[in-house]
Amino acid sequence: MAKTYFNITEAELQKSAVTYRKDLLVMPVIAAEATLKHMTPRPGVAGREVLGQLSGGLEIGPYDPTRYDDDGLTIKPRTLETYLGSVIKRFDMNQLAKSIYGSLTTQGEALTSLDMARQVLSYLSMKLGENLNLHIWNAKRNDTGTKTADLFDGFDTITEKEITAGAISASEGNFIQLDEEITKDNATDILMSIYEGADDVLQGIPTKMFVPYSVFRAYNKDYMQTFSSVVYNTEFKKTYLEGSDNLCELVPLSSKKNSPYIHLTTQSNMIYGYGDGLDAEKIAIEKHQEFLLSFVATMFFGCQFETISKERLMVAKLA
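Residues numbered from 1 in each chain as written. Predicted model: local features only at pLDDT ≥ 70, side-chain atom pairs only at ≥ 80, totals over all residues. Heavy atoms only, no water.

Two aromatic rings are characterised by how far apart their centres lie and by the angle between their planes. All chains considered together, the criterion is met by seven aromatic pairs. The interplanar angle of 55° and the centroid separation of 5.1 Å between the aromatic rings of Phe155 and Phe305 together place this pair among those described as tilted. In this pair, Phe155 sits in helix H6 (residues 155-165) while Phe305 sits in strand S11 (residues 292-305), placing the two residues 150 residues apart along the sequence. Their ring planes at 25° and their centres at 6.2 Å tell us that Tyr272 and Phe301 sit as a pair that is stacked. Residue Tyr272 is found in strand S9 (residues 270-274), and its partner Phe301 is found in strand S11; the two are separated by 29 residues along the sequence. Accessibility classification places Tyr272 together with Phe301 in one group, the buried group. Among the aromatic residues, those joined into a ring-pair cluster are Trp137, Phe155, Phe210 and Phe305. In this structure, Arg118 packs its charged tip against the face of Tyr20, placed 4.0 Å from the ring centre. (Phe/Tyr/Trp six-rings, centres within 6.5 Å; stacked < 30°, edge-to-face > 60°. Helix = DSSP H or I, 4+ residues; strand = E, 2+ residues; numbered from the N terminus. Buried < 20%, exposed > 50% of the residue type's maximum accessible area, 1.4 Å probe, protein only. Lys NZ or Arg CZ within 6 Å of the ring centre and 35° of its normal.)

Take a look at the structure:
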């Protein structure tokens, strides 16, 4: 006879939390894959880690055995900071297990009570990741906050701070202010102008242009109107920006909704850090009142640009 959700026990949940602790702590990151797959992970970061871009020149000239190049190589440091977050979620074990069991009936008799316990813990861990995915851009660190959006500084927040500081600006070559709203009649021209306004080095390497879905839809509609009669146009949905020689991938994200910025950069420049099961992180099941259990979790998370130099980043502020 197939196992049912009523066979799961508190002890089995607690045992599974210990046995699969590291896997469960990575689950939130997996759940945010829709956004994070376009970025670069930095596992095992607790607190601060210095990133940076090596810069400096080296040139060969006409033969001269007495000529030395003493110009130094420098690193412009940036700090990736991950913050320790926590959550204590009370839940009714039977109600939650019943819901999960109902969605896993295709596993039939292979679903044991220990399997069920792991599924319950995985479900709760994955829920943490859904909000990481939503707030990777707009999160703003607030020490007294209670939500995912308060845990760390997202990429838009970091961008805003750098614009205020003058490090992202037109004069630095990594910023453009759009003067008209993007619509289905001008999206192609505007996105191409952002790309063409970027540094030549950035245009010559594989990049990603992070946009809201509204901008992506406008681009597809405008592209169809503009290039529908062109022989090589064989599809409606465009993955790469026209004119980029398939170097610039358009990346529409639900997490970019209401974002005031479009980011053109490389995947390697978008860094996110997480604990990956460090000692300070935990997953546990505790019982403090009748009928309800508590899912207790702590984990590190944060993000940062490796560099904001014009050779690796172009930011466009929407009108």
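Taken as a whole, helix H2 (residues 21-31) has its buried residues at Leu24, Leu25, Val26, Met27, Pro28 and Val29. Of the surrounding elements, those touching the buried residues of H2 are helix H1 (10-19), helix H3 (33-36), helix H5 (113-135), S9, strand S10 (282-289) and S11. (Contact = heavy atoms within 4.5 Å.)

Applying the stated criterion to the full structure yields 13 salt bridges. When the shortest N-O distance is used, the salt bridge between Glu130 and Lys127 registers 3.5 Å. Of the two residues, Glu130 and Lys127 are both situated in helix H5; the distance of three residues between them amounts to about one turn of the helix. (Salt bridge = Lys/Arg side-chain N within 4 Å of Asp/Glu carboxyl O.)

Right, let's get into helix H9 (residues 213-227). For H9, spanning 15 residues, the distance from its first C-alpha to its last is 21 Å, which sits close to the expected 21 Å at 1.5 Å a residue. For H9, every residue scored as buried is listed here: Val215, Phe216, Ala218, Tyr219, Asn220, Asp222, Tyr223 and Phe227. (Expected span 1.5 Å × (residues − 1).)

It is worth spelling out the pairing of S9 at this point. With five of its five residues buried, S9 lies for the most part within the structure. Residues of S9 alternate between two faces, with Met270, Tyr272 and Tyr274 on one and Ile271 and Gly273 on the opposite face, all of them buried. Both strand S1 (residues 40-43) and S9 contribute to a ladder of four bridges, which runs parallel. Paired with Thr40 across the bridge in S9 is Ile271. (Pairing = 2+ DSSP bridges.)

Residues Leu13, Met39, Phe91, Val120, Ile136, Phe152 and Phe301 are the most contacted members of the largest nonpolar core, which totals 50 residues. Ranked by residue count, the leading element in this core is S11, at seven residues. Leave out the neighbours within four places in its chain, and Val120 touches Ile8, Leu13, Phe91, Leu96, Ala97 and Ile100. The next biggest cluster of nonpolar side chains, apart from the first, holds 25 residues, and it includes Ile182, Ile190, Cys248 and Ala316. (Core = buried A, V, L, I, M, F, W, Y, C linked by side-chain atoms within 4.5 Å.)

For the rest of this paragraph, the subject is the sheet that holds strand S5 (residues 175-177). The strand order S5-S12-S8-S6-S7 describes an open sheet built from five strands, whose pairing is mixed. The sheet is open, and its two edges are formed by S5 and strand S7 (248-253), each paired on a single side. Here the average twist between neighbouring strands, direction ignored, is 20°. Across five bridges, the pairing between strand S8 (residues 261-265) and strand S12 (residues 313-317) is antiparallel. Bridge pairing links Tyr261 to Lys317 in S12. (Axes fitted to C-alpha atoms, helices over the stretch in contact; angles between N-to-C directions.)

The next point concerns the environment of Asn220. Structurally, the position occupied by Asn220 is in helix H9. Overall, the relative accessible area of 6% leaves Asn220 in the buried class. Asn220 sits 18 residues away from Lys238 along the chain, and the two C-alpha atoms are 6.5 Å apart.

What follows concerns the side chain of Thr265. Structurally, Thr265 can be placed in strand S8. By relative accessible area, which is 0% here, Thr265 ends up buried. A polar contact is formed between the side chain of Thr265 and the side chain of Asn269, at a distance of 3.0 Å. Thr265 has contacts with Leu202, Thr207, Lys208, Phe210, Met270, Arg312 and Leu313, leaving out every residue within four places of it along the chain. (Polar contact = N/O pair within 3.5 Å; in protein donor to acceptor, adjacent residues only side chain to side chain.)

Time to look at unusual backbone geometry. The backbone phi angle of Asn246 is positive, close to 60°, even though this residue is not glycine. Here Asn246 lies in the loop between H9 and S7.

With that settled, the discussion passes to the confidence of the model for the protein. Per-residue pLDDT for the protein averages 88, and the proportion of residues at 70 or more is 87%. Under a pLDDT of 50 for its full length, residues 1-5 has, in the predicted model, twelve contacts with residues more than four places off or in other chains. (pLDDT = per-residue confidence, 0-100.)

So, about the packing of helix H7 (residues 187-196) against H9. At their nearest, the axes of H7 and H9 sit 7 Å apart, and the two run at 110° to each other. Overall, the two elements H7 and H9 adopt an arrangement that is roughly perpendicular. Along its contact with H7, which presents Ala187, Thr188, Asp189 and Leu191, the element H9 presents Val215, Ala218, Tyr219, Asp222, Tyr223 and Phe227. The residue inventory of the contact of H7 with H9, partitioned by class, reads seven nonpolar, one polar and two charged. (Parallel < 35°, antiparallel > 145°, perpendicular 65-115°, else oblique. Nonpolar A, V, L, I, M, F, W, Y, C, P; charged D, E, K, R; others polar.)

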